[in-house]
Amino acid sequence: MGELTAPVLPRSFFDRPVLDVAPQLLGAILVHGDVAVRLTEVEAYDGANDPASHAFRGRTARNAVMFGPPGHAYVYFTYGMHFCVNLVCGEQGRAAAVLLRAGKVVAGVEHARKRRPTGPDRDLARGPARLTKALDVDRALDGADVCDPRSPLRIVEGDRVPSEALRVGPRVGISAAADRPWRWWLDGDPTVSAYRPHTPRRRRP
DNA sequence: TTCGAGATCGGCT
DNA sequence: GCCGATCTCGAAG
């Protein structure tokens, strides 16, 4: 139950280059309502300098939050059925953000199970869309200030992660700049999503 | 265990 | 129209 009341990360934590922030988010805890998830896998996206970023082609209504101040959540809808959540990093206007890819449910497991009745608990937040499902995060939380202790969606301090437990590698599910090693995860953690290289979809006949 | 296709729709070219 | 920062299920190896 301590996860739900732990202190939020300060905004200064996010007001730094995204490549510094991303690996340090591992072990931190995302809280929404009665559910808390300890992050085990993240990816960095660097705004206008990153062809794989939603912000690469400039500001739109959808990605506007990324261009705002750090420490806010960018929630988007994709594949006609999934939500994913990012945390905005770096100087305002750079539009850098960290995609939260996976984690372990450390509080409110019974609520998360209700939303995903089948499968083992370690799969509850294993993958970016599963993570938002476990936490019941959707479009309504786009722009939420995760550094505000009164915010419904917030990021709080977790345990310290030893640097030797960090692993780094290529990002998942993207076609552009797929070679950049901007994905970090906790070595050997069962809640880390399985790596699948990007495969272009074919249209049905 | 690995692979591929279907689901499903908003955003952008 | 086209395609996606995904997930699931079923078929094949």
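Conventions used here
Along each chain, numbering runs from 1 in the same order as the chain's sequence is written. Naming scheme: in the order in which they are written, chains are lettered from A and ligands are numbered from 1. In view of the model being predicted, local features appear only for residues whose pLDDT reaches at least 70, and side-chain atom pairs are presented and counted only at 80 or more, with totals across whole chains, interfaces and linings using the full set of residues. Hydrogens and water are ignored here; the side-chain numbers use all heavy atoms of the structure. The helix and strand labels rest on DSSP assignments: H or I over at least four residues marks a helix, E over at least two residues marks a strand, and numbering proceeds from the N terminus. Radius of gyration: C-alpha atoms only; globule rule: 2.2 Å multiplied by the number of residues to the exponent 0.38. Each residue's exposure class comes from its accessible area (1.4 Å probe, protein chains only) as a fraction of the maximum for that residue type: buried when under 20%, exposed when over 50%, partly exposed otherwise. Two residues form a contact once any of their heavy atoms are found within 4.5 Å. Positive residues here are Lys and Arg, negative ones are Asp and Glu, while His and the chain termini are left out of the count. The location of each charge is read from NZ of Lys, CZ of Arg, CG of Asp or CD of Glu. Nearness is judged by heavy atoms alone; a residue qualifies as near a molecule or strand once a single heavy atom is within 4 Å of it. Pairing of N or O atoms within 3.5 Å defines a polar contact, subject to two protein rules: one partner must be a possible hydrogen donor and the other a possible acceptor, and residues neighboring in sequence count only if both atoms are side-chain atoms. All residues other than Ala, Val, Leu, Ile, Met, Phe, Trp, Tyr, Cys, Pro, Asp, Glu, Lys and Arg, Gly among them, are scored as polar; the first ten of these are nonpolar and the last four charged. One side-chain nitrogen of Lys or Arg within 4 Å of one carboxyl oxygen of Asp or Glu is enough to make a salt bridge. Criterion used throughout: strands pair if DSSP finds at least two bridges between them. Take the buried Ala, Val, Leu, Ile, Met, Phe, Trp, Tyr and Cys residues and link them wherever side-chain atoms come within 4.5 Å; each set so joined is a nonpolar core.

A. Quick look at the overall build of chain A. When its secondary structure is counted, chain A shows four helices and eight strands. Start at the N end of chain A and walk to the C end: the helices and strands fall as α-α-β-β-β-β-β-α-α-β-β-β. By the compact-globule yardstick of 17 Å for 205 residues, chain A fits well, its C-alpha radius of gyration being 16 Å. With respect to the principal axes defined by its C-alpha atoms, chain A has extents near 45 × 40 × 35 Å. Residues classed as buried in chain A amount to 50% of the 205 residues present. When contacts within chain A are restricted to residue pairs at least 6 apart in sequence, those whose partners lie at least 24 apart make up 63%. Between the mean site of the 30 positive side-chain charges and the mean site of the 23 negative ones, chain A shows a separation of 8 Å.

B. Main features of the protein's contact with DNA strand B. Of all residues adjacent to DNA strand B, which total 10 residues, the nearest are Thr-60, Tyr-79, Gly-80, Met-81 and Arg-202. Taking all atoms of DNA strand B within 4 Å of the protein, the share assigned to sugar and phosphate is 68%. Within the side chain of Thr-60, a nitrogen or oxygen atom sits 2.6 Å from a phosphate oxygen of DNA strand B. Looking at side-chain class alone, the surface near DNA strand B contains three nonpolar, two polar and five charged residues.

C. Representation of the pattern of salt bridges within the structure. Counted under the stated rule, the structure contains 14 salt bridges. Salt-bridge contacts for Glu-41 lead to Arg-101; the nearest nitrogen and oxygen are separated by 3.0 Å. Of the two residues, Glu-41 sits in strand E2 (residues 35-46) while Arg-101 sits in strand E5 (residues 96-107), which places them 60 residues apart along the sequence. Across the pair, exposure class does not vary: Glu-41 and Arg-101 are buried alike. Asp-50 is paired through a salt bridge with Arg-171; the nearest N and O atoms lie 2.7 Å apart. Here the residue Asp-50 occupies a position in the loop between E2 and strand E3 (73-78), and Arg-171 occupies one in the loop between strand E7 (166-169) and strand E8 (183-186), the gap between them amounting to 121 residues. The burial state of Asp-50 is the same as that of Arg-171; both residues are buried. One connected set of salt bridges, linked through shared partners, spans Glu-41, Glu-43, Arg-101 and Arg-183.

D. The pairing of E8, seen in detail. Because side chains alternate across E8, one face comprises the buried residues Arg-183 and Trp-185, and the other comprises Trp-184 and Leu-186, equally buried. Both E2 and E8 contribute to a ladder of three bridges, which runs antiparallel. Paired with Glu-41 across the strands is Trp-185, a residue of E8.

E. Looking closely at the environment of Ala-107. Within the secondary structure, Ala-107 is located in strand E5. In this structure the C-alpha to C-alpha distance between Ala-107 and Pro-197, which are 90 residues apart in sequence, comes to 31 Å. Ignoring any residue separated from it by four or fewer positions in sequence, one finds Ala-107 in contact with Glu-3, Leu-4, Asp-34, Val-35 and Ala-36.

F. Up close: the nonpolar core. Among the nonpolar cores identified, the biggest contains 41 residues, and Phe-14, Leu-25, Leu-100, Leu-131 and Ile-155 are the most heavily contacted of them. For this core, the element with the most residues is E2, which contributes five residues. When neighbours within four sequence positions are excluded, Leu-25 is seen to be in contact with Leu-9, Phe-13, Phe-14, Leu-39, Val-42, Leu-87, Val-98, Leu-100 and Ile-155.

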